[in-house]
Amino acid sequence: MESAREVMAEEDVELSNILTDDLEEAIDHGILVSKIAYLLAQEAGCDENFCYTMKNAGFIHDIGKLRLGKYLYGSNRNTLIVEEMKYIRMHSDIGYDILRKYGYSEEILSAVLCHHENYDGSGYPGNLKGHQIPLGARILRICDVYAALISDRRYRCSYHKEAAIQLMIEEVKNFDMKLFLHFLSIVYTDSFKEIDRYARQINKKNFSWKNILHDGTY
């Protein structure tokens, strides 16, 4: 029989592995959102400086989550679902505070802070609506949702491209329709193929949580 110390050591190793995986997953997701945001900003007719701003914002939009890892990924995950939602809604505010301290531009700060605002006013943290939401945040909202849908997550497998787009169409009230139409116009272009390839590479990674939480589904 294992001693209490051995059990605690095993739990520490498991949590360390999960947090390491989480960092790599966050980087992968940031790169994916960054790539999409740059293309979408270009398609929307934004100037090149703003396109690069969106590329940078996409990469760091979830930086606030990195401070929440120890709260989100404890060993007894079945009891954390409600708590996770409370903490996860803090990440945009935390990300804003982190980046403000490092002197990032207002365009990046506002995009990071508001990237979970929905166009119909149902998002967070400020329940902003329509063009109250900064343009950069409206761009990131679309890119973030698509990147999440086509990626394996702790709670589900990735959706195929067509299924992801259909799910977004069903929830189109969350998006700036003009930007969403621009998004639909690029998802089957040659430029977007690099994004498809990168998503497939991410989904081939053998993160520890795939076996733990999905029990061979992958």
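Conventions adopted
Counting of residues starts from 1 at the beginning of each chain's written sequence and follows it residue by residue. Per-residue local features of the predicted model are confined to residues with pLDDT of at least 70, and side-chain atom pairs are confined, for both listing and counting, to 80 or more; whole-chain, interface and lining totals are unaffected and use all residues. In computing side-chain properties, one takes all heavy atoms of the structure into account and sets aside hydrogens as well as water. Every axis corresponds to a line fitted to the C-alpha atoms, with the helix fit spanning only the stretch in contact, and the corresponding angles, defined between N-to-C directions, vary from 0 to 180 degrees. The way it works is that DSSP assigns letters per residue, a run of H or I at least four long becomes a helix, a run of E at least two long becomes a strand, and they are numbered from the N terminus. Every angle not falling under 35 degrees, over 145, or within 65 to 115 is termed oblique; those three ranges are roughly parallel, roughly antiparallel and roughly perpendicular. What makes a crossing left-handed is the near helix being turned counterclockwise from the far one by less than a right angle; a clockwise turn instead makes it right-handed. Throughout, a contact is declared for two residues whenever any of their heavy atoms are within 4.5 Å. Three classes are used, and their members are as follows: Ala, Val, Leu, Ile, Met, Phe, Trp, Tyr, Cys and Pro are nonpolar, Asp, Glu, Lys and Arg are charged, and the others, Gly among them, are polar. Here pLDDT means the predictor's own confidence in every residue, given as a number from 0 to 100. Here, nonpolar core means buried Ala, Val, Leu, Ile, Met, Phe, Trp, Tyr and Cys residues that are tied together by side-chain atoms lying within 4.5 Å of each other. The buried label applies to any residue whose accessible area, calculated with a 1.4 Å probe on protein chains only, is under 20% of its type's maximum; exposed applies above 50%, and partly exposed to all values in between. Patch membership requires more than 30% relative accessible area and the absence of a salt bridge. Residues of like charge join within 9 Å; the nonpolar side chains Val, Leu, Ile, Met, Phe, Trp and Tyr join within 5 Å. Computed with a 1.4 Å probe, the accessible areas rest on the Shrake-Rupley method; for each residue, only the protein chains presented here act as cover. Take a side-chain nitrogen of Lys or Arg and a carboxyl oxygen of Asp or Glu: if they are within 4 Å of each other, that pair is a salt bridge. The arc in question is traced by the directions running from the helix axis to the C-beta atoms.

S.K.: It is not clear to me how the packing of helix H7 (residues 135-149) against helix H9 (residues 177-186) should be interpreted in this structure. Could you clarify?
M.R.: When two helices pack together, their arrangement is given by the angle between their axes and by how far apart the axes lie. Put simply, H7 and H9 touch, their axes get as near as 10 Å, and they point 45 degrees apart. Judged on the interaxial angle alone, H9 and H7 are oblique. Between H7 and H9 the crossing geometry is right-handed. Residue-level contacts link Leu135, Arg138, Ile139, Ile142 and Tyr146 of H7 to Leu179, Phe180 and Phe183 of H9. Residues belonging to the contact of H7 with H9 are distributed by class as follows: seven nonpolar, no polar and one charged.

S.K.: How do you make sense of the confidence of the model for the protein chain when you look at a structure like this?
M.R.: The predicted coordinates of low-pLDDT regions are not to be read in fine detail. Summarising the model, the protein chain shows a mean pLDDT of 84, and 76% of its residues fall at 70 or more. Segment residues 6-15 is flagged for pLDDT under 50; beyond a separation of four residues in sequence, or across chains, it makes seven contacts in the model. Long-range and interchain partners of residues 212-218, a stretch whose pLDDT sits below 50, account for 17 contacts in this model, where long-range means more than four residues apart.

S.K.: Sorry, what's going on with the nonpolar core here?
M.R.: Side chains of a nonpolar character, in soluble globular proteins, are inclined to be buried together. Leu32, Ile36, Ile139, Tyr146, Met168, Phe183 and Phe192 are the most contacted members of the largest nonpolar core, which has 42 residues in total. Broken down by secondary-structure element, the contributors of at least two residues to this core are helix H1 (4-43), helix H2 (48-60), helix H6 (106-113), H7, helix H8 (161-170), H9 and helix H10 (193-203). When residues no more than four places from it in sequence are discounted, the contact partners of Phe183 are Ile36, Leu40, Ile142, Tyr146, Met168 and Phe192.

S.K.: When you look at a nonpolar patch on the surface in this model, what are you seeing that I'm missing?
M.R.: Where nonpolar side chains cluster on the molecular surface, the patch consists of Leu23, Ile27, Phe59 and Leu66 and spans about 350 Å² of accessible area. With respect to the helices, strands and loops of the structure, Ile27 is situated in helix H1. Overall, Ile27 belongs to the partly exposed group, its relative accessible area being 37%.

S.K.: Is there a simple way to think about helix H5 (residues 91-101) in this case?
M.R.: Quick reminder: α-helices carry 3.6 residues per turn. Residues three or four places apart thus point the same way. Taken together, the buried positions of H5 are occupied by His91, Ser92, Ile94, Gly95, Ile98 and Leu99. Summarising the axial view, the buried residues of H5 lie within an arc of 160 degrees, below the 170-degree limit, and thus occupy one face. Downstream of H5 by a residue or two, Gly103 has a phi angle that is positive, lying close to 80 degrees.

S.K.: Can you help me understand the packing of H2 against H7 in this one?
M.R.: The N-to-C vectors of H2 and H7 enclose an angle of 55 degrees; their axes lie 11 Å apart at closest approach. With respect to H7, the element H2 is oriented oblique. Between H2 and H7 lies a crossing whose hand is right-handed. Across from Phe50, Met54, Ala57 and Gly58 in H2, the residues of H7 making contact are Leu135, Gly136, Ile139 and Leu140. Partitioning the contact of H2 with H7 into residue classes produces six nonpolar, two polar and no charged.

S.K.: It is not clear to me how the pattern of salt bridges should be interpreted in this structure. Could you clarify?
M.R.: Think of it this way: side chains of opposite charge can pair up when their charged atoms draw near. A complete count under the given rule lists eight salt bridges for this structure. In this structure, Asp176 and Arg138 form a salt bridge, with 2.7 Å as the shortest nitrogen-oxygen distance. Placement of Asp176 in the loop between H8 and H9 and of Arg138 in helix H7 is noted, with a sequence separation of 38 residues between them. Overall, Asp176 belongs to the buried group, its relative accessible area being 7%. The shortest N-O distance in the salt bridge between Asp196 and Lys161 comes to 2.9 Å. Note that Asp196 is positioned in helix H10 and Lys161 in helix H8, a separation of 35 residues in sequence. With relative accessibility at 16%, the residue Asp196 sits in the buried group.

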